[in-house]
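Working through the structure, step by step
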Amino acid sequence: MIRKALQFLFIALALTAGPALAADATKVVYHINEGTEKAAMLLRNVKNHLAAEPGAKIVVVGHNAGIDFMLQGAQDKNGNPFDVPMEELADKGVEFKVCRNTLTGRNIPESKVQAPATIVPSGVAEVARLQAKEGFVYLKP
């Protein structure tokens, strides 16, 4: 009888702890304002981060040259397209955000932004908002 009660207690604790553990997932904003060479490293960092912590909530925010890898047709120095690793990471919940101010300042049409990336009004304001209002940790590779 005690054994059954302990089993029941263990199951109840496991069921209630699951949502609490998910709520404790690390939230990280990766900030990039440098070109495609740095972007390749950033994508590796994000991939490794998720391998070590699969439940992490990760947002990548780019401005200035940091948006270049999120544009259609972007490739790394070996000619590999960036859209493939971006899609793979997006399938794992990673969000990619492009600064509209940078697009405007560089005369890049919004239609050039490669899905799954989305546009935010200001990259730096988005980084600040995620940190201040949503409790994200800041990382810059």
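Our structure is the block above this text.
First things first, this report covers the structure right here in the doc.

Quick notes on the rules
Residues numbered from 1 in each chain as written. Predicted model: local features only at pLDDT ≥ 70, side-chain atom pairs only at ≥ 80, totals over all residues. Heavy atoms only, no water. Helix = DSSP H or I, 4+ residues; strand = E, 2+ residues; numbered from the N terminus. Buried < 20%, exposed > 50% of the residue type's maximum accessible area, 1.4 Å probe, protein only. Contact = heavy atoms within 4.5 Å. Areas by Shrake-Rupley, 256 points an atom, 1.4 Å probe, with all protein chains shown as cover. Core = buried A, V, L, I, M, F, W, Y, C linked by side-chain atoms within 4.5 Å. 1 Å grid on protein atoms, 1.4 Å probe; cavity = no way out; pocket = protein on both sides within 12 Å on 5 of 7 lines; lining within 4 Å. Points joined across faces, edges and corners; volume = space filled by probe spheres on them. Nonpolar A, V, L, I, M, F, W, Y, C, P; charged D, E, K, R; others polar. Pairing = 2+ DSSP bridges. Axes fitted to C-alpha atoms, helices over the stretch in contact; angles between N-to-C directions.

1. Focus on the overall build of the protein chain
- Tallying secondary structure elements over the protein chain gives 5 helices and 5 strands in all.
- Counting the 141 residues in the protein chain, one finds 33% classified as buried.
- The long-range share in the protein chain, meaning contacts at least 24 apart out of those at least 6 apart in sequence, stands at 71%.
- Accessible surface, the protein chain as shown: approximately 8,400 Å² in total, 58% of it carbon and sulfur.

2. Regarding the nonpolar core
- Leu42, Val46, Ile58, Val60, Phe69, Val94 and Phe96 are the most contacted members of the largest nonpolar core, which totals 27 residues.
- Contributions of two or more residues to this core are made by strand E1 (27-32), helix H2 (36-52), strand E2 (57-62), helix H3 (83-90) and strand E3 (95-99).
- Tallying contributions element by element places H2 first for this core, with 6 residues.
- Contact partners of Leu42, with chain neighbours within four places excluded, come to Tyr30, Ile32, Val60, Phe69 and Pro141.
- Membership of the second largest hydrophobic core comes to 6 residues, among which are Val61, Val127, Leu130 and Phe136.

3. So, the layout of surface pockets
- Space inside the largest pocket adds up to approximately 240 Å³.
- In this structure, the largest pocket is lined by Ala40, Leu43, Arg44, Lys47, Asp76, Asn80, Pro81, Phe82, Pro85, Glu88, Leu89 and Lys92.
- Listed by contribution, the elements that provide at least two residues to the lining of the largest pocket are H2 and H3.
- Taken together, the residues of the lining of the largest pocket sort by class into 6 nonpolar, 1 polar and 5 charged.

4. Describing the pairing of E1
- For E1, a buried count of 5 out of 6 residues is recorded, marking the element as mostly surrounded by other parts of the structure.
- As paired strands, E1 and E2 are joined by 6 bridges and run parallel to one another. Of the residues in E2, the one forming a bridge with Val28 is Ile58.
- For E1 and strand E5 (residues 137-139), the ladder comprises 3 bridges, and the chain directions are parallel. Following the sheet pairing, Tyr30 is matched in E5 by Leu139.

5. Let's talk about the sheet that holds E1
- If you walk across this open sheet you meet the 5 strands as E4-E3-E2-E1-E5, and the pairing is parallel. This sheet does not close on itself; its edge strands, each paired only once, are strand E4 (118-120) and E5. Taking each pair of neighbouring strands and ignoring which way they run, the sheet shows an average axis angle of 30°.
- Packing against the sheet, H2 makes contact with E1, E2, E3 and E5, and its axis sits at approximately 170° to E1.

6. Thoughts on unusual backbone geometry
- Residue Pro116 follows Ala115 across a cis peptide bond; omega there is 20°.
- By secondary structure assignment, the location of Pro116 is in the loop between helix H4 (100-105) and E4.
- Backbone geometry places Asn64, a non-glycine residue, at a positive phi of 55°.
- Looking at the secondary structure, you find Asn64 in the loop between E2 and H3.
- One non-glycine residue, Asn107, adopts positive backbone phi at about 55°.
- Structurally, Asn107 is set in the loop between H4 and E4.
- Looking at Asn107, the relative accessible area reads 68%, which means it is exposed.

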